Amino acid sequence: MTSAGRFAPSPSGELHVGNLRTAILAWLFARSTGRRFLLRVEDLDRARAGAEAVQLRDLAAVGITWDGEVVRQTSRGSVYAEAINRLQAAGLTYECFCTRREIQEAPSAPHAPQGAYPGTCRNLDRAELDYKRSTRPAAIRLRADVHEYTVQDVMHGTFTGVVDDFVLRRNDGVTAYNLAVVVDDAAQGIDQVVRGDDLLPSAPRQAYLASLLNIPVPEYVHVPLVVNRDGVRLAKRDGAVTLADLGQAGVTAREVRNLLLESLGLPAGTLDQALHALDPTQLPREPWVWPGMERPPAG
C-alpha cells in the first residue's frame, strides 16, 4: 500500500475557513511528498444530516481533490472491535464505570493534568466488578503502563505529552476517537497526519496506542489554527466564516482560497501553483487572525 496523507472532518456542520486552511495544508503536504490524499468522514459521533455532502462540496470548491472513495467510520465497527479484542487478550484493558462528573471531581494523580483519568476502576476486585456491572454499562479503558510519551512533529519538534488510561470504547458502545483514528490511519496506509495544533496533546496517546498494536507511528504535522480577533479559535459564531455565508456576502470560493494561501505565505492561484512554492520551513508557526471578508476583495 502506498503512503498517504488525509483530511478527516467530523460531519457536525459546515466547514469554516479554519478547517479549509488545514485541509489545504494537508493536501499540500501530501502532494508535495508524492503521497496519496484521502478523505475520511469521522462520523462516529456528532453527525448532522446533510453535513457530509456540504463539506465535500466545499472542499472541492477550494480546489481540493482526493484519491479513491471516501471512508466513513460508521462502516468500520468490526475493525475497531478486533483491535480492542487484541488489547483485551494482552491484558491491556479494563472496564470503567465512572461518570464524566466523577472523573472531573476525582483527585488527579501528581503527574496528570486536571481531567486525566485517575484510575478509579483500574484494580476493582471481583465483587466490586460484579456490583458495578449491575448498575450501569462499562466503558473500556486502556491499561497504560506509561505516564507520558514522546512524539516528533514537523512544526513543533519533540513533544512529550500525558498518557492516561484513556477510553477505547464508550459505555454506549461507540468506539472512542483515539482508537478509531489510529486503526483507520494504519488501515489506509496513512503515514502523514496534518491537522490543527489543538490536537497535538492527543498525539502521544495515539502514538503510544499504535506502538501497542504494532502499528507504525505516522509523521505528525500540527499546524497553527485560525483565530478570531480575540485570539480564540475561530468558530461559526464569529460571523461569515463558511463558504456559504461568505458567498452570500459576495465572496467567491476562489477568493477565499487566495486569502488562505496568502496567509500561508503562498501565492494566490490554484493549489497546484501553490504546491510548487511550498517550503514547510517557511510556513507560519503562529495562529492566523481571520480578518473577515465583509467586502469582496479585488481581483
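Look a little higher up for the structure.
Residues numbered from 1 in each chain as written. Predicted model: local features only at pLDDT ≥ 70, side-chain atom pairs only at ≥ 80, totals over all residues. Heavy atoms only, no water.

**Student:** Got a minute to help me understand the overall build of the chain in this structure?
**Tutor:** Assigned secondary structure in the chain consists of ten helices and twelve strands. Rg of the C-alpha trace for the chain: 21 Å, near the compact-globule value of 19 Å for 299 residues, within the 12% margin. Taken along its principal axes, the extent of the C-alpha atoms in the chain is 70 × 40 × 35 Å. Considering only intrachain contacts with a sequence separation of at least 6, the fraction spanning at least 24 residues in the chain is 77%. Total accessible area computed for the chain in this model is approximately 14200 Å², and 50% of it derives from carbon and sulfur atoms. The average position of the 33 basic charges and that of the 36 acidic charges among the side chains of the chain differ by 2 Å. (Helix = DSSP H or I, 4+ residues; strand = E, 2+ residues; numbered from the N terminus. Rg over C-alpha atoms; globule rule 2.2 N^0.38 Å. Contact = heavy atoms within 4.5 Å. Areas by Shrake-Rupley, 256 points an atom, 1.4 Å probe, with all protein chains shown as cover. Lys, Arg positive; Asp, Glu negative; His and termini not counted. Charge placed at Lys NZ, Arg CZ, Asp CG, Glu CD.)

**Student:** What is the right way to read helix α9 (residues 253-263) from this model?
**Tutor:** What sets the pattern is the α-helix's 3.6 residues per turn: residues three or four places apart point alike. The buried fraction of α9 is high, at eight of eleven residues. Of the positions making up α9, those classed as buried are Glu-255, Val-256, Arg-257, Asn-258, Leu-259, Leu-260, Leu-261 and Ser-263. Positive backbone phi, at 75°, marks Gly-265, one or two positions downstream of α9. (Buried < 20%, exposed > 50% of the residue type's maximum accessible area, 1.4 Å probe, protein only.)

**Student:** What am I meant to see in the side chain of Asn-19 here?
**Tutor:** Looking at the element boundaries, Asn-19 is found in helix α1 (residues 17-32). Within polar-contact distance, the side chain of Asn-19 engages the backbone nitrogen of His-16 at 2.9 Å. Setting aside residues up to four positions removed in sequence, Asn-19 forms contacts with Phe-7 and Glu-14. (Polar contact = N/O pair within 3.5 Å; in protein donor to acceptor, adjacent residues only side chain to side chain.)

**Student:** Would you explain the sheet that holds strand β8 (residues 167-169) in this entry?
**Tutor:** Backbone-to-backbone hydrogen bonds pair the strands of a sheet. The strands run either parallel or antiparallel. Spatial strand order, β4-β5-β8: three strands in an open sheet with antiparallel pairing. Strands at the two margins of the open sheet, each flanked by one partner only, are β4 (93-96) and β8. In this sheet, neighbouring strand axes are inclined to one another by 45° on average, regardless of whether the strands run parallel or antiparallel. Note that β4 and strand β5 (residues 139-142) share four bridges and pair antiparallel. Considered in β5, the bridge of Thr-93 is made with Leu-142. (Pairing = 2+ DSSP bridges. Axes fitted to C-alpha atoms, helices over the stretch in contact; angles between N-to-C directions.)

**Student:** What am I meant to see in the pattern of salt bridges here?
**Tutor:** Where charged atoms from two side chains of opposite charge come close, those side chains can pair. The full count for this structure, using the stated rule, is 17 salt bridges. Here Arg-170 makes a salt bridge to Asp-45, at a shortest N to O gap of 3.0 Å. With a gap of 125 residues between them, Arg-170 in the loop between β8 and α6 (177-187) and Asp-45 in the loop between β2 (36-41) and α2 (51-61) connect regions that are remote in the sequence. Among the residues examined, Arg-170 registers a relative accessible area of 28% and is labelled partly exposed. The network of salt bridges with common partners includes Arg-6, Arg-40, Glu-42, Arg-76, Asp-184 and Asp-185. (Salt bridge = Lys/Arg side-chain N within 4 Å of Asp/Glu carboxyl O.)

**Student:** Would you explain the sheet that holds β2 in this entry?
**Tutor:** Pairing is parallel across the open sheet formed by three strands, whose spatial order is β1-β2-β3. Every other strand in the sheet has two partners, leaving β1 (4-7) and β3 (71-72) as the edge strands with one partner each. Sheet analysis places β1 next to β2, joined by four bridges and oriented parallel. Following the sheet pairing, Phe-7 is matched in β2 by Leu-39.

**Student:** Got a minute to help me understand the pairing of strand β7 (residues 157-162) in this structure?
**Tutor:** Consecutive residues of a regular strand have side chains that alternate between opposite faces of the sheet. In the sheet, strand β6 (residues 148-153) pairs with β7 via six bridges, with the strands oriented antiparallel. Its bridge partner lying in β7, Val-151 is registered against Phe-159. The turn linking β6 back onto β7 is made up of three residues.

**Student:** Please explain the packing of aromatic side chains as it appears in this structure.
**Tutor:** Each pair of aromatic rings is reported with the distance of its centres and the angle of its planes. In this structure the tally under the stated criterion is two aromatic pairs. Where Trp-288 meets Trp-290, the ring centres are 5.9 Å apart and the plane angle is 80°; that geometry is what we call edge-to-face. Here the two residues Trp-288 and Trp-290 agree in accessibility, since each one is buried. Between Arg-141 and the ring centre of Tyr-117, over which it is positioned, the NZ or CZ distance is 3.6 Å. (Phe/Tyr/Trp six-rings, centres within 6.5 Å; stacked < 30°, edge-to-face > 60°. Lys NZ or Arg CZ within 6 Å of the ring centre and 35° of its normal.)

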